[in-house]
Amino acid sequence: MSGRHSLSLVELFRATPAKTSLLAFGPLVLALGQLGNSYANNISPAVSIGFAVVMVAFAVIATRHHAAEHRLRRLEGGIDADRESPFDATR
């Protein structure tokens, strides 16, 4: 078995709600706002669609990076807990 566990967005949101919201939903809101702005002001949709595609890609990549950071932090925390010194128990 590979031992690879995919962290769901819900689990990530429970662990760090502010950072996850900013990285996952912030760029999507900006993309929708830009699309709405171009429609309201009769601007060519080509620029707005390009911006929206880039922002969606950024949201995906940033959220995956954040999930990898979170998994690494959990892994390192588990290793530190396993390496307790016998002298720590006497304090």
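Predicted, not measured: the structure shown is a model, and the values here were computed from it.

### A few points about helix H3 (residues 26–40)
Line of reasoning, step 1. Counted at 1.5 Å a residue, the expected span for H3 with its 15 residues is 21 Å, and the 21 Å between its end C-alpha atoms agrees.
Line of reasoning, step 2. For H3, the complete set of buried residues consists of Pro 27, Ala 31 and Ser 38. Buried residues of H3, viewed axially, fall in a sector of 45°; they line one side. Exposed side chains of H3 directed beyond 90 degrees from the buried face belong to Val 29, Leu 32, Tyr 39 and Ala 40.
Line of reasoning, step 3. Looking at the residues trailing H3, positive phi occurs at Asn 42, about 50°.

### Side note on helix H2 (residues 17–24)
Line of reasoning, step 1. Every buried residue of H2 is accounted for by Thr 20, Leu 23 and Ala 24. Looking down the long axis of H2, one finds its buried residues gathered within 85° of arc, a one-sided arrangement. Exposed side of H2, more than 90 degrees from the buried face: Ala 18 and Leu 22 are the residues found there.

About the thresholds
Residues numbered from 1 in each chain as written. Predicted model: local features only at pLDDT ≥ 70, side-chain atom pairs only at ≥ 80, totals over all residues. Heavy atoms only, no water. Helix = DSSP H or I, 4+ residues; strand = E, 2+ residues; numbered from the N terminus. Expected span 1.5 Å × (residues − 1). Buried < 20%, exposed > 50% of the residue type's maximum accessible area, 1.4 Å probe, protein only. Arc of directions from axis to C-beta.

That is the geometry; function is a separate question.
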